[in-house]
Amino acid sequence: MRELTNEPTVIIDGLELPILNTGKDGKIYNCYVEPLQRFKREIDAMLSHHNRVFILRMDVHVDAHSPTNEKMTRFLRSYVSRIQRNYKTKIVGTIWCREVEKVKKQHYHLAVMVDGSNATRVSKELLRMADEVAKHQKLSIGYCDNASYLIKRTDLAKGDYSTYKEAFERLSYLAKERGKTIKAERANSYQTSRIKPRLNERGEVFSHKDDYMEYIKHKAASKQVTAVPKRTATDKPVHMMTDAERQLPLF
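Values in this document were obtained by computation on a predicted structure and should not be read as measured data.

**Q** I keep staring at the overall build of the chain and nothing clicks. Help me out?
**A** Of the regular secondary structure elements, the chain holds seven helices and nine strands. Within the span of the chain, comprising 251 residues, buried residues form 43% of the whole. Within the chain, residue pairs in contact and separated by at least 24 positions form 74% of the contacts whose partners lie at least 6 positions apart. A total accessible area of about 15,300 Å² is found for the chain, and carbon and sulfur atoms account for 52% of it.

**Q** What exactly am I supposed to notice about the pairing of strand E5 (residues 52–61) here?
**A** Looking down a regular strand, the side chains alternate between one sheet face and the other. Of all 10 residues in E5, eight are buried; the element is thus mostly enclosed. Pairing of E5 with strand E8 (residues 140–152), which is carried by nine bridges, proceeds in the antiparallel orientation. Within the sheet, the bridge partner assigned to Val53 lies in E8 and is Ile151. Where E5 meets strand E7 (residues 107–115), nine bridges bridge the pair, whose relative direction is antiparallel.

**Q** Sorry, what's going on with the nonpolar core here?
**A** Burial of nonpolar side chains together is a common tendency in soluble globular proteins. Ranked by size, the top nonpolar core spans 30 residues in total, and within it Leu36, Ile43, Ile55, Ile151 and Tyr164 carry the most contacts. At the level of elements, strand E2 (9–12), strand E3 (15–18), helix H1 (33–47), E5, strand E6 (93–99), E7, E8 and helix H5 (162–172) are the ones that each hand at least two residues to this core. The greatest single-element share of this core, amounting to six residues, is contributed by H1. Aside from chain neighbours lying at most four places away, what touches Ile151 is Ile43, Leu47, Asn51, Arg52, Val53, Ile55, Leu156, Thr163, Tyr164 and Ala167. One finds Leu56, Leu110, Leu139 and Cys144 within the second-largest nonpolar core, a separate group that totals 28 residues.

**Q** Looking at this structure, I do not really get the pattern of salt bridges. What am I missing?
**A** With the rule as written, the count across this model stands at nine salt bridges. Note that Lys40 is salt-bridged to Asp13, the shortest N-O span being 3.2 Å. Of the two residues, Lys40 is situated in helix H1 and Asp13 in the loop between E2 and E3; the sequence distance between them amounts to 27 residues. The class for Asp13 is partly exposed, based on a relative accessible area of 26%. For Asp63, the salt bridge identified is with Lys71, shortest N-O distance 2.8 Å.

**Q** Explain the packing of helix H2 (residues 70–87) against helix H3 (residues 122–136) here, please?
**A** Each packed pair of helices is defined by two parameters, the angle between the axes and the distance between the axes. Packing of H2 against H3 brings their axes to within 10 Å, and their N-to-C directions diverge by 140°. Considering their axes alone, H2 and H3 lie oblique with respect to each other. Handedness of the H2/H3 crossing: right-handed. Taken together, the residues of H3 that come into contact with H2 (itself represented by Phe75, Ser78, Tyr79, Arg82, Ile83, Asn86 and Tyr87) are Val122, Glu125, Leu126, Leu127, Arg128, Met129, Ala130, Glu132, Val133 and Ala134. Counted by class, the contact of H2 with H3 contains 11 nonpolar, two polar and four charged residues.

**Q** What exactly am I supposed to notice about the pairing of E3 here?
**A** Two elements, E2 and E3, share four bridges in a ladder whose sense is antiparallel. Each bridged residue has a counterpart across the sheet, and for Val10 the counterpart in E3 is Leu17.

**Q** How do you make sense of the packing of aromatic side chains when you look at a structure like this?
**A** The tally for this structure, following the rule as stated, stands at three aromatic pairs. Judged by centre distance (5.6 Å) and plane angle (70°), the ring pair of Tyr161 and Tyr164 falls under edge-to-face. Here the guanidinium or amino end of Arg178 rests over the ring plane of Tyr29, the centre of that ring lying 4.4 Å away.

**Q** Where do I start with the side chain of Gln137 in this structure?
**A** Following the sequence through the fold, Gln137 ends up in the loop between H3 and E8. A residue is classified by how much of its surface remains accessible, and Gln137, at 13% relative accessible area, is buried. A polar contact of 3.4 Å, which involves the side chain of Gln137, links it to the backbone oxygen of Arg74. Not counting residues within four places of it along the chain, the set of residues in contact with Gln137 comprises Lys71, Arg74, Phe75 and Ser78.

**Q** What exactly am I supposed to notice about unusual backbone geometry here?
**A** Among all residues save glycine, negative phi is the norm, and among peptide bonds the norm is trans. A positive phi angle, near 60°, is found at Lys138, a position not held by glycine. Accessibility expressed as a relative area gives 66% for Lys138, which makes it exposed. Unlike most non-glycine residues, Asn146 shows phi in positive territory, near 45°. On the secondary structure map, Asn146 appears in strand E8.

**Q** I would appreciate a short explanation of the sheet that holds E8 in the present structure.
**A** Pairing between the strands of a sheet comes from backbone hydrogen bonds, and it takes one of two forms, parallel or antiparallel. The strand order E8-E5-E7-E6-E9 describes an open sheet built from five strands, whose pairing is antiparallel. One side of each edge strand has no neighbouring strand; the edge strands of this open sheet are E8 and strand E9 (190–192). Between one strand axis and the next, the sheet turns through 10° on average, direction left out of account. On top of the sheet, H1 reaches E5, E6, E7, E8 and E9; it is set at about 20° to E9, its chief contact. Strands in contact with H5 are E5, E6, E7 and E8; relative to E8, the strand with the most contacts, it is inclined by about 155°.

Quick notes on the rules
- Residues numbered from 1 in each chain as written.
- Predicted model: local features only at pLDDT ≥ 70, side-chain atom pairs only at ≥ 80, totals over all residues.
- Heavy atoms only, no water.
- Helix = DSSP H or I, 4+ residues; strand = E, 2+ residues; numbered from the N terminus.
- Buried < 20%, exposed > 50% of the residue type's maximum accessible area, 1.4 Å probe, protein only.
- Contact = heavy atoms within 4.5 Å.
- Areas by Shrake-Rupley, 256 points an atom, 1.4 Å probe, with all protein chains shown as cover.
- Pairing = 2+ DSSP bridges.
- Core = buried A, V, L, I, M, F, W, Y, C linked by side-chain atoms within 4.5 Å.
- Salt bridge = Lys/Arg side-chain N within 4 Å of Asp/Glu carboxyl O.
- Axes fitted to C-alpha atoms, helices over the stretch in contact; angles between N-to-C directions.
- Parallel < 35°, antiparallel > 145°, perpendicular 65-115°, else oblique.
- Left-handed = near helix turned anticlockwise from the far one by under 90°.
- Nonpolar A, V, L, I, M, F, W, Y, C, P; charged D, E, K, R; others polar.
- Phe/Tyr/Trp six-rings, centres within 6.5 Å; stacked < 30°, edge-to-face > 60°.
- Lys NZ or Arg CZ within 6 Å of the ring centre and 35° of its normal.
- Polar contact = N/O pair within 3.5 Å; in protein donor to acceptor, adjacent residues only side chain to side chain.

Structure follows, in structure tokens:
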């Protein structure tokens, strides 16, 4: 059985993080712990590749109920591919959950993560591309209020986790128990991309606990290795002639 929590915070990798588990009616709802852990580690994996990570929340609505997630899988395949071409990158993070609720027609909560180095127009561009793909596949995009977050390594290096925690709290809503399945349904309730994290200066998987500035210094230092001339197997020490040898006849 999957582990559930109704606490206001959860501790993952030694960091206490807030959970958005209070409904509009004031009720406290359970959240699954496993997806919360995966959400955090996906954020950390993105941060191991980029100095800034931009996170955007949106919803994806389908036209009719389906017992599988085939429509979401097809949407993400096209959407992520378009983002990769537009930003010339292979690293795009995604987090989504499937919800059914009372209407018996599923919808999806989605978060997409990209390099935030130039975050001026990222939000509009990501939504524009999502709209184009959705319309082509007869889906629709739902917009969220205050839906974007920009996490910076420099803030984390100073111990400022405010934006990091705000983003995680927003994403934690995707892990709530309510509305995840209906009777006899076997479709996955949530999924994330599987970004392979870079290793830190100690050769370990990158985590929020790592000193980001130390990682950057280590990376820069590793590029400044002094080149050593290569020697081949035929290289021999140079023999210096003595005065007596110089006076020997050549023939």
